Amino acid sequence: MTNFTFADGIRQAIAEEMDRDPAVFVIGEDVGESGGVFGVTKGLWDRFGPDRLWDSPISEEAIVGAAVGAALVGGRPIAEIMFSDFSMLAMDMIVNQAAKTHYMTGGKLSSPLVVRMITGTNGSTGAQHSQSLESWFTHVPGLKVVAPSTPEDAKGLLKSAIRDPDPVMFFEHKGLYTGRGGPAGDVVEVEPIPFGVGRIHREGTDVTVVSYLKTKEYAMAAAEALAEEGISCEVFDPRTLVPFDYEGLRASLEKTGRLLIAHEAPARGGFGAEIAAWAAENCHDVLRSPVMRVGGHNTPIPYAPVMEQFVLPMTERIADSIRTLVNNPSRQLQSL
């Protein structure tokens, strides 16, 4: 068995794309010789040096601003935001500059950059380093939003993101980086994965569970537990939120007739609401029950581990929601 980790997938995609295209470079805090706070770029400095790995000041606006400028003159920058919580400091660069370039120049220019954002809750990182903000960026025309949940998908999708002519927001859940046992670093060949193509991790007949990033693992665990109770769950990972694989979701719902969406971000205003609205408008002919969402509670992420676990949509809460959806959907009303 290999121990190909999520971090390996990211690192290998960057290295292989840097080998393929000399215009590709990485910019961010501590991405160079130290290898990053999560070790994702570890070893790349020895291979590519300071010309391709740019250690930046602690300024997200400067990081993304420099990346936008480089993209406009032929570069292929990969900008790392160490915690997605601080992406708000670069919102003007992302939302008003990168996302608008192609439109405002009549298609003459584009901003082919990737903004890698470390996201989510893992191990008491507190309220300012644990948020899941992917839905913010799905609202912005001109941005593509990627949210992989496996090492292979991380590698293949990042390759596609680096080659894409448009700005791509690439979310990496910090709880997915490490492997389970044994040294990491095995090389796995992965081709670029096209955007807008979801992945079914488990086939089922009773309910479609849409989930991504770390929460997909909890959805899989819930599906395995419910199988012993006779409830068959199909776990659908969209992999990219923009573009979204609505055709794949429709095909799944034609089999199951029920839809539950689970993500770590608070349910209120989360991307699950967009999926639910689309399903209500376009799949009402196959839905047998109201659509249900499971998200983080509407509170800042606590520091205490027991409280941190409480606010997240963990395995048991997802399983309980699926039971309600399948057995008694009229009782699903909840406060968001």
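Residues numbered from 1 in each chain as written. Predicted model: local features only at pLDDT ≥ 70, side-chain atom pairs only at ≥ 80, totals over all residues. Heavy atoms only, no water.

## Considering the overall build of the protein
Moving on, step 1. Scanning the protein from N- to C-terminus turns up 12 helices and 12 strands.
Moving on, step 2. Computed over C-alpha atoms, the radius of gyration of the protein comes to 20 Å, within 12% of the 20 Å expected from 2.2 N^0.38 for 336 residues, which places it in the range of a compact globule.
Moving on, step 3. Overall, the C-alpha framework of the protein stretches about 60 × 50 × 35 Å when taken along its three principal axes.
Moving on, step 4. Counting only residues that meet the buried cut, the protein has 57% of its 336 residues in that class.
Moving on, step 5. Across the protein, the fraction of contacts at a sequence separation of at least 24, relative to all contacts at a separation of at least 6, is 81%.
Moving on, step 6. Looking at the protein as shown, the accessible area adds up to about 14100 Å², and 54% of this sits on carbon and sulfur atoms.
Moving on, step 7. The protein carries 29 positive and 43 negative side-chain charges, and their two centres are separated by 3 Å. (Helix = DSSP H or I, 4+ residues; strand = E, 2+ residues; numbered from the N terminus. Rg over C-alpha atoms; globule rule 2.2 N^0.38 Å. Buried < 20%, exposed > 50% of the residue type's maximum accessible area, 1.4 Å probe, protein only. Contact = heavy atoms within 4.5 Å. Areas by Shrake-Rupley, 256 points an atom, 1.4 Å probe, with all protein chains shown as cover. Lys, Arg positive; Asp, Glu negative; His and termini not counted. Charge placed at Lys NZ, Arg CZ, Asp CG, Glu CD.)

## A few points about the packing of helix H8 (residues 215-227) against helix H12 (residues 315-327)
For any two helices packed against each other, one specifies the inter-axial angle together with the distance between the axes.
Moving on, step 1. At a closest axis distance of 8 Å, the pairing of H8 and H12 adopts a crossing angle of 55 degrees. If you check the angle between H8 and H12, you find them oblique. You can see that H8 and H12 cross each other, and the crossing is right-handed. Between H8, through Thr215, Tyr218, Ala219, Ala221, Ala222 and Leu226, and H12, the contact on the second element is made entirely by Thr315, Ile318, Ala319, Ile322 and Arg323.
Moving on, step 2. Of the residues in the contact of H8 with H12, the class split is 8 nonpolar, 2 polar and 1 charged. (Axes fitted to C-alpha atoms, helices over the stretch in contact; angles between N-to-C directions. Parallel < 35°, antiparallel > 145°, perpendicular 65-115°, else oblique. Left-handed = near helix turned anticlockwise from the far one by under 90°. Nonpolar A, V, L, I, M, F, W, Y, C, P; charged D, E, K, R; others polar.)

## Let's talk about the sheet that holds strand E7 (residues 199-202)
Moving on, step 1. Pairing is mixed in the open sheet, where 5 strands are placed in the order E7-E9-E8-E11-E12. With one partner strand each, in any of the chains shown, E7 and strand E12 (292-296) form the two edges of the open sheet. Each strand axis lies, on average, 25 degrees off the axis of its neighbour in the sheet, ignoring direction.
Moving on, step 2. Two strands pair when backbone bridges link them, and E7 and strand E9 (residues 233-237) are joined in this way by 3 bridges, in the antiparallel orientation. The partner of arginine 202 across the bridge, within E9, is valine 235.
Moving on, step 3. In the packing of H12 onto the sheet, contacts are made with strand E8 (207-211), E9, strand E11 (259-266) and E12, and the angle to E12 comes to roughly 165 degrees. (Pairing = 2+ DSSP bridges.)

## So, a nonpolar patch on the surface
Moving on, step 1. Taken together, the side chains of Leu72, Val73 and Leu109 define a hydrophobic patch exposed on the protein surface, amounting to about 270 Å² of accessible area.
Moving on, step 2. On the secondary structure map, leucine 109 appears in the loop between helix H5 (101-104) and strand E4 (114-119). (Patch = residues over 30% accessible without salt bridge, like charges linked within 9 Å, V, L, I, M, F, W, Y side chains within 5 Å. Salt bridge = Lys/Arg side-chain N within 4 Å of Asp/Glu carboxyl O.)

## Things to note about the pairing of E12
Moving on, step 1. Among the 5 residues of E12, 4 are classified as buried, and the element is accordingly described as predominantly covered.
Moving on, step 2. As paired elements, E11 and E12 share 4 bridges and run parallel to each other. Of the residues in E12, the one forming a bridge with isoleucine 261 is arginine 293.
Moving on, step 3. Of the crossover connections in this fold, the one passing from E11 over helix H10 (residues 271-282) to the parallel E12 is right-handed. (Right-handed = clockwise from strand over helix to strand, strands pointing away.)

## Some points on H8
Moving on, step 1. Between its terminal C-alpha atoms H8 stretches 18 Å, which fits the 18 Å expected from 13 residues at 1.5 Å a residue.
Moving on, step 2. Here H8 has its buried residues at Thr215, Lys216, Tyr218, Ala219, Met220, Ala222, Ala223 and Leu226.
Moving on, step 3. Contacts from the buried residues of H8 go to E7, E8, E9, E11 and H12. (Expected span 1.5 Å × (residues − 1).)

## Focus: the sheet that holds strand E3 (residues 76-81)
Moving on, step 1. Taken together, 7 strands build an open sheet; the order of strands is E2-E1-E3-E4-E6-E5-E10 and the sheet is mixed. Every interior strand has two partners, whereas the edge strands, strand E2 (53-55) and strand E10 (240-242), have only one. Strand-to-strand twist across the sheet, computed as the mean angle between neighbouring axes with direction ignored, equals 20 degrees.
Moving on, step 2. Here strand E5 (residues 144-146) pairs with E10 via 2 bridges, running antiparallel. When the sheet's bridge partners are listed, valine 145 is paired in E10 with valine 242.
Moving on, step 3. Those strands touched by helix H1 (residues 6-20) are strand E1 (24-28), E3, E4 and strand E6 (168-173), and its axis lies near 130 degrees from that of E1.

## Remarks on the environment of arginine 199
Moving on, step 1. With respect to the secondary-structure elements, arginine 199 resides in strand E7.
Moving on, step 2. Arginine 199 sits 127 residues away from valine 326 along the chain, and the two C-alpha atoms are 23 Å apart.
Moving on, step 3. With sequence-adjacent residues up to four places away left out, arginine 199 is seen in contact with Thr150, Asp153, Val235, Phe236, Asp237 and Arg239.

## What about the environment of leucine 89?
Moving on, step 1. Take leucine 89: it is sitting in the loop between E3 and helix H4 (91-97).
Moving on, step 2. Sequence spacing of leucine 89 and glutamate 60 is 29 residues, and the spatial spacing of their C-alpha atoms is 5.9 Å.
Moving on, step 3. With sequence-adjacent residues up to four places away left out, leucine 89 is seen in contact with Glu60 and Glu61.

## Here we look at the side chain of threonine 208
Moving on, step 1. With respect to the helices and strands, the residue threonine 208 is situated in strand E8.
Moving on, step 2. Judged by relative accessible area, threonine 208 falls into the buried class, the value being 0%.

By themselves these figures say nothing about function.
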